[in-house]
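Take a look at the letters that make up each chain.
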Amino acid sequence: MQQISELETTLNHFLDWNKARISFLIQILQALFLVRTVNLTQIAQAFHSDAKEESVYRRIQRFFKNFSFDMSFVAVLACKFFTWGEPCILLLDRTNWKWGKTHINILVLSIEHLGIGIPIFWIVLKTGGSSATKDRVKILKRVIKAIGKNNIRVLLADREFIGEAWFRFLIEQDIPFVVRVKKNSMVEGVRQGYAVPISTLLSRLGRRRAIENHSVVLWKHRLFTSVEYRKGAREPMIIVSNRDLPDPLALYRWRWGIETLFEYLKSRGFRMEDTHMTDPKKIEKLLFILAVAVCWAYKIGELQARRVPITIKKHGRKRKSIFRVGLDLICQVLFRRDQSPMQELTVFPYLGLITEGAT
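Note that the structure is a prediction, hence the values are computed from the model and not measured.

### A word on the overall build of the protein
Helix and strand counts for the protein come out as 11 helices and 10 strands. Whereas a compact globule of 359 residues would reach a radius of gyration of roughly 21 Å, the protein reaches 22 Å, a difference of no more than 12%. Taken over the C-alpha atoms alone, the protein extends approximately 75 × 45 × 35 Å along its principal axes. Pairs at least 24 residues apart make up 60% of the contacts formed inside the protein by residues separated by at least 6 positions. Just so you have it, the protein exposes about 17,700 Å², and 47% of that area is on carbon and sulfur atoms. Each charge class in the protein can be summarised by its mean position, and for the 57 positive and 33 negative side chains these summaries are 4 Å apart.

This is the structure:
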């Protein structure tokens, strides 16, 4: 298949692996798309191989034990693969679940692209619960090294990602951020002479039900806070930024892209929570494979949507997401691999060059 050949060429260019290991990675990716789960037993069953299933399963186990990768590969691949068009929006969040009594806790940093977060760096945390400042600093330093500060438009994060030391690091690095904060955060600059909960600003909401870029002091940092309380919302949206940004509340809504990514990694895509792995290093390797798979599926969805626009339903939403279009198309081609498909997409570009072909 032409697309699998180009996938192998691309991976050979970026990964310092031998040919046999890259070919095995491609087989894992194909099986992953066919079964849509990271469960290794099911992946082994979907291998296109004459070997016994038990033998394939052991090979997959050895693969996860022995292979290593440079995480910057995914960042480089994503930047070649997708056109950001301007300094990018970074999305930071954490996903977690439990296997037995073991916490699987992953801190992920992604780049927003058309409503989804494209994963570029991640850390598997050693314990459950919120991430530590040192972990956030570590992952952001990797991004700065990979893409440069000038290519970062803003960092978006939810209420977990707060704290004096964390904000100080972002300010010192001159990284613009928009972060949601808890409504009981104590700030100066709302009432003269003493600190009050930031939620006090709710009493100043006008007809628009929003306040933008009100100057406050939070954890000794001069910040700009914006508040919105939409009709029907369970609670107000309260965000802070180190910049006086235009329409910060609308900008913050792009954060949802990383939640969409987690859905694609889990229930709406590859069912990441099906893994029985608990070793942090193996989980990082698994996410590497999933990151390549997500990039592949989303890019194919983009290509196909250009050729055949996605139908819009009466309520204004697309019949299928771009990711689902790409995922379904790849599966259709793989299911026909023993036949002669009428048409195939060149699904993995070499050095970022996207082409289409027919057979």
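### As for the environment of Ile 300
Along the polypeptide, Ile 300 turns up in helix H10 (residues 280–307). Residue classification places Ile 300 among the buried residues on the basis of a relative accessible area of 0%. Sequence separation between Ile 300 and Leu 170 is 130 residues, and the spatial gap between their C-alpha atoms is 35 Å.

### Brief notes about the nonpolar core
Across soluble globular proteins, you tend to see nonpolar side chains buried next to one another. Phe 33, Leu 90, Trp 166 and Phe 288 are the most contacted members of the largest nonpolar core, which totals 128 residues. With 17 residues, the top contributor of residues to this core is H10. Once you skip the residues sitting within four places of it in the chain, Leu 90 turns out to touch Leu 109, Ser 110, Ile 111, Leu 140, Val 143, Ile 147, Ile 152, Val 154, Leu 155 and Leu 156.

### So, helix H11 (residues 322–335)
An α-helical turn contains 3.6 residues, so a residue and the one three or four places further along point in the same direction. A rise of 1.5 Å per residue sets the reference length of H11, with its 14 residues, at 20 Å; its end C-alpha atoms lie 20 Å apart and thus fit the reference within 8%. For H11, a buried count of 11 out of 14 residues is recorded, marking the element as mostly surrounded by other parts of the structure. If you check which residues of H11 are buried, you get Ile 322, Phe 323, Val 325, Gly 326, Leu 327, Asp 328, Leu 329, Ile 330, Cys 331, Val 333 and Leu 334.

### Some words on the environment of Glu 263
Inspection of the secondary structure puts Glu 263 in helix H9 (residues 256–265). If we skip the residues at most four places from it in the chain, Glu 263 touches Arg 268 and Gly 269.

### Points about the side chain of Ser 226
Tracing the backbone shows Ser 226 in strand E9 (residues 221–228). When its relative accessible area of 1% is taken as the criterion, Ser 226 is described as buried. Here Asn 213 takes part through its backbone nitrogen, which lies 3.0 Å from a polar atom of the side chain of Ser 226.

### What about the packing of helix H2 (residues 19–35) against H10?
It is at 11 Å that the axes of H2 and H10 come closest, and there the two elements cross at 65 degrees. Read as a crossing pair, H2 and H10 show a hand that is right-handed. Contact residues: Leu 25, Ile 28, Leu 29, Leu 32 and Phe 33 in H2; Phe 288, Ile 289, Leu 290, Val 292, Ala 293, Trp 296 and Ala 297 in H10.

### Overview of the confidence of the model for the protein
Per-residue pLDDT for the protein has a mean of 87; in total, 91% of the residues score no lower than 70. In the model of the protein, helix H1 (residues 2–14) stands out as the element of lowest mean pLDDT, 66, in contrast to strand E5 (residues 177–180), which has the highest, 98. Note on residues 338–359: pLDDT under 50 across the span, and 56 contacts to partners over four residues away in sequence or across chains.

### A closer look at the pairing of E9
Counting buried residues in E9 gives six out of eight residues, a clear majority hidden from the surface. Judged from the seven bridges that link them, strand E8 (residues 210–218) and E9 form a sheet pairing that is antiparallel. If you follow Leu 218 over to E9, its bridge partner there is His 221. Sheet topology places E9 next to strand E10 (residues 237–241); five bridges connect them, and they run antiparallel. Across the sheet, Val 227 pairs through a bridge with Ile 238, a residue of E10.

### Some words on the packing of aromatic side chains
The tally for this structure, following the rule as stated, stands at 21 aromatic pairs. Put simply, the rings of Trp 17, Phe 24, Phe 47, Phe 63, Phe 64, Phe 67, Phe 69, Phe 73, Trp 122 and Phe 288 touch in pairs and so form one group of aromatic residues. Its end group placed over the ring of Trp 166, Arg 136 keeps NZ or CZ at 5.8 Å from the ring centre.

### Brief notes about the packing of H2 against H11
The N-to-C vectors of H2 and H11 enclose an angle of 110 degrees; their axes lie 9 Å apart at closest approach. Our classification of the angle between H2 and H11 gives roughly perpendicular. Every residue of H11 that contacts H2 at Gln 30, Phe 33 and Leu 34 is listed here: Leu 327, Ile 330, Cys 331, Leu 334 and Phe 335. Residue composition of the contact of H2 with H11, grouped by class: seven nonpolar, one polar and no charged.

So, how was this worked out
- Residues numbered from 1 in each chain as written.
- Predicted model: local features only at pLDDT ≥ 70, side-chain atom pairs only at ≥ 80, totals over all residues.
- Heavy atoms only, no water.
- Helix = DSSP H or I, 4+ residues; strand = E, 2+ residues; numbered from the N terminus.
- Rg over C-alpha atoms; globule rule 2.2 N^0.38 Å.
- Contact = heavy atoms within 4.5 Å.
- Areas by Shrake-Rupley, 256 points an atom, 1.4 Å probe, with all protein chains shown as cover.
- Lys, Arg positive; Asp, Glu negative; His and termini not counted.
- Charge placed at Lys NZ, Arg CZ, Asp CG, Glu CD.
- Buried < 20%, exposed > 50% of the residue type's maximum accessible area, 1.4 Å probe, protein only.
- Core = buried A, V, L, I, M, F, W, Y, C linked by side-chain atoms within 4.5 Å.
- Expected span 1.5 Å × (residues − 1).
- Polar contact = N/O pair within 3.5 Å; in protein donor to acceptor, adjacent residues only side chain to side chain.
- Axes fitted to C-alpha atoms, helices over the stretch in contact; angles between N-to-C directions.
- Left-handed = near helix turned anticlockwise from the far one by under 90°.
- pLDDT = per-residue confidence, 0-100.
- Pairing = 2+ DSSP bridges.
- Phe/Tyr/Trp six-rings, centres within 6.5 Å; stacked < 30°, edge-to-face > 60°.
- Lys NZ or Arg CZ within 6 Å of the ring centre and 35° of its normal.
- Parallel < 35°, antiparallel > 145°, perpendicular 65-115°, else oblique.
- Nonpolar A, V, L, I, M, F, W, Y, C, P; charged D, E, K, R; others polar.

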